[in-house]
Amino acid sequence: MEDYNIDQKIQDFIAQVEAKNPNEPEFLQAVKEVAITVIPFIESRKDYQGMKLLERMVEAERIIIFRVPWVDDKGEIHVNRGFRIQMNSAIGPYKGGIRFHPTVNLSVLKFLAFEQVFKNSLTTLPMGGGKGGSDFDPQGKSDMEVMRFCQAFMTELCKHIGPETDVPAGDIGVGAREIGYLFGQYKKVRNEFSGVLTGKGLAYGGSLIRPEATGYGVVYFCEQMLSTINEKIEGKVFAVSGFGNVAWGVIKKVNELGGKVVTISGPDGFIYDETGISGEKVDYLLELRSSGNNRAEDYIKKYPEAKFFAGRRPWEIKCDVAIPAATQNELDLEDAEKLVKNGLICITEAANMPSNLDAINYFLENKVLFSPGKASNAGGVATSGLEMTQNSIRLNWTSEEVDARLKEIMVGIHKACRNYGKEEDGYVNYVKGANIAGFVKVAEAMLAQGVV
Ligand code: GLU
């Protein structure tokens, strides 16, 4: 009877969110995953009853949508749409990346901002959750076009952010170059040199290890997951998707710890390199990325011993560990079935929400180690938090110092997930663990601050 009531409560809650946010499938997907695990927890806590905590958390504190007009190299005028979702500031200033990609819309950014609230809470650092971006596509644009777009974007955004208010960073399509242009425009318009953005260059307040941090953090988390079944990275075969900043950090660290990465992918298909992507091949990934040509296929031009599979995903390759590091919903039920059939023991998400709900359920049912991105990719934003600290104290830490803190944070997140996610048979449900552990700190802060 009790279970029936909780199931009904979950269904009612989801129906309510759906009715209020129609045509936002990604946002609804992220909310569903949280509701299923967090509502039963809320029901078990007397002090949370009737406080409408989750109802408040699914409603952004503020959403800013703005016009971004800019002029290309030929003098033609373009109009893009800019967004900043200020989701939750209960535990700190809004914090989260900016994404420039043609697929950016309100639903995608709301899902990302919602996940960011839990992720940032898991880091234990004082950061609220936010996300922003634009449907602008930096691919194929000249440097000057990207600069003019970033300036136009920041001219509006700078009215709404600040080091104590909202601190954006990079995400897909926003790397060191874009952060530089955005920072320059913020400084000019606001006449203020501050830690308003993270992912900055080392010359103007950036942190060592920030570029590698998301990928390194994922591998540190994966190491922890494997240790629960007395396994280690050394000797394992890894299938990785994507070939951007996150995949690059993952591949570097897996190699360092003695694992072998055999795949990368792009929107055009995937590369299978049986000999392992290591050494100079890893550096080549950076070259591939900065060529501005988003094609994984170019890899076989330089390394013809590898194979390219057009229009396919790496999940058909036999591997011990899968690390999806490209984008949302890049791994579905069929992929999950193939991976498990091929003997997968662990999947550590590096992108945000790369597995859809059916795939996640399949991994959990088959008791494969599975960690959601909001836990395992939190090392990126955690190191952004460390960049904010260094900016505040006006000191720079060494790479060893930042890396040690990053590792400590990832070990801490893993522990928190285990605390709330360990089942009777010893299997750790990291989805449940991450959602509840992330929720608790935000909920406590919201309760203390009253209905605001
Ligand atoms: N975009 C990254 C994420 O998804 C990093 C955000 C940040 O550093 O603020 O967590």
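These lines cover the structure that appears in this document, whether it is placed above or below. (Residues numbered from 1 in each chain as written. Predicted model: local features only at pLDDT ≥ 70, side-chain atom pairs only at ≥ 80, totals over all residues. Heavy atoms only, no water.)

### Let's talk about the packing of aromatic side chains
Counted only if it meets this: Between the rings of Phe, Tyr and Trp (Trp by its six-membered ring), a pair exists once the centres lie within 6.5 Å; its type follows the angle of the planes, with under 30 degrees stacked, over 60 edge-to-face, and the other angles tilted. Here a helix means four or more residues in a row that DSSP labels H or I, a strand means two or more in a row labelled E, and each is numbered from the N terminus. Burial status follows relative accessibility: with a 1.4 Å probe on protein chains alone, a residue under 20% of its type maximum counts as buried, one over 50% as exposed, and anything between as partly exposed.
Under the definition given, this model contains 22 aromatic pairs. Between Phe 183 and Phe 193, the aromatic rings sit 5.2 Å apart at their centres with planes inclined by 75 degrees, giving edge-to-face as the arrangement. Here Phe 183 is found in helix α6 (residues 176-190), whereas its partner Phe 193 is found in the loop between α6 and α7 (210-227), with ten residues between them in sequence. Exposure remark for Phe 193: the relative accessible area of 52% places this residue in the exposed category. Taking 5.7 Å as the distance between ring centres and 80 degrees as the angle between the ring planes, the aromatic pair formed by Tyr 284 and Tyr 303 counts as edge-to-face. Residue Tyr 284 is found in helix α9 (residues 280-290), and its partner Tyr 303 is found in the loop between α10 (298-302) and β9 (307-310); the two are separated by 19 residues along the sequence. By relative accessible area, Tyr 284 is classed as buried at 11%. Taking the relative accessible area as the measure of exposure, Tyr 303 reaches 6% and is therefore buried.

### As for unusual backbone geometry
We note that Thr 124 has phi near 75 degrees; this positive angle belongs to a residue other than glycine. Within the element layout of this structure, Thr 124 appears in the loop between α4 (106-122) and β4 (129-134). With a phi angle near 75 degrees, Ile 209 is a residue other than glycine that sits in the positive phi range. Counting through the fold element by element, Ile 209 comes out in the loop between α6 and α7.

### Observations regarding helix α16 (residues 430-449)
Put simply, the test is: Expected span, for any helix, means 1.5 Å times one less than how many residues it has. Identification of polar contacts relies on pairs of N or O atoms within 3.5 Å, with a donor-acceptor requirement for protein atoms, meaning one able to donate a hydrogen and the other able to accept it, and with residues adjacent in sequence counted only if both atoms are side-chain atoms.
Helix length check: α16, at 20 residues, gives a terminal C-alpha distance of 29 Å against a target of 28 Å (1.5 Å per residue), a fit within 8%. For α16, the capping residue at the N-terminal end is Asn 429, with a side-chain oxygen 3.1 Å from the backbone nitrogen of Val 431. Positive phi appears at Gly 450, one or two residues downstream of α16, with a value of about 80 degrees.

### A word on the site of the ligand
Which entries qualify depends on this criterion: Here a residue counts as near a molecule or strand whenever at least one of its heavy atoms sits within 4 Å of it. Per-residue and other accessible areas were derived by the Shrake-Rupley procedure at a 1.4 Å probe size, with only the shown protein chains allowed to occlude residues. Each residue gets one of three labels, nonpolar for Ala, Val, Leu, Ile, Met, Phe, Trp, Tyr, Cys and Pro, charged for Asp, Glu, Lys and Arg, and polar for the others, Gly among them.
Close to the ligand lie 13 residues; Lys 95, Lys 119, Gly 170, Asp 171 and Ser 384 are nearest. A distance of 2.7 Å separates an oxygen atom of the ligand from a polar side-chain atom of Lys 95. At 2.6 Å, a side-chain N or O of Ser 384 approaches an oxygen atom of the ligand. Contact with the protein chains covers 94% of the free accessible surface of the ligand, which is 300 Å². Counting only elements with at least two residues in the shell around the ligand, the list comes to β3 (94-100), α4 and α14 (379-393). Looking at the shell around the ligand element by element, the count peaks at three residues for β3. For the shell around the ligand, the per-class residue count stands at two nonpolar, six polar and five charged.

Shape descriptors only; they carry no functional weight alone.
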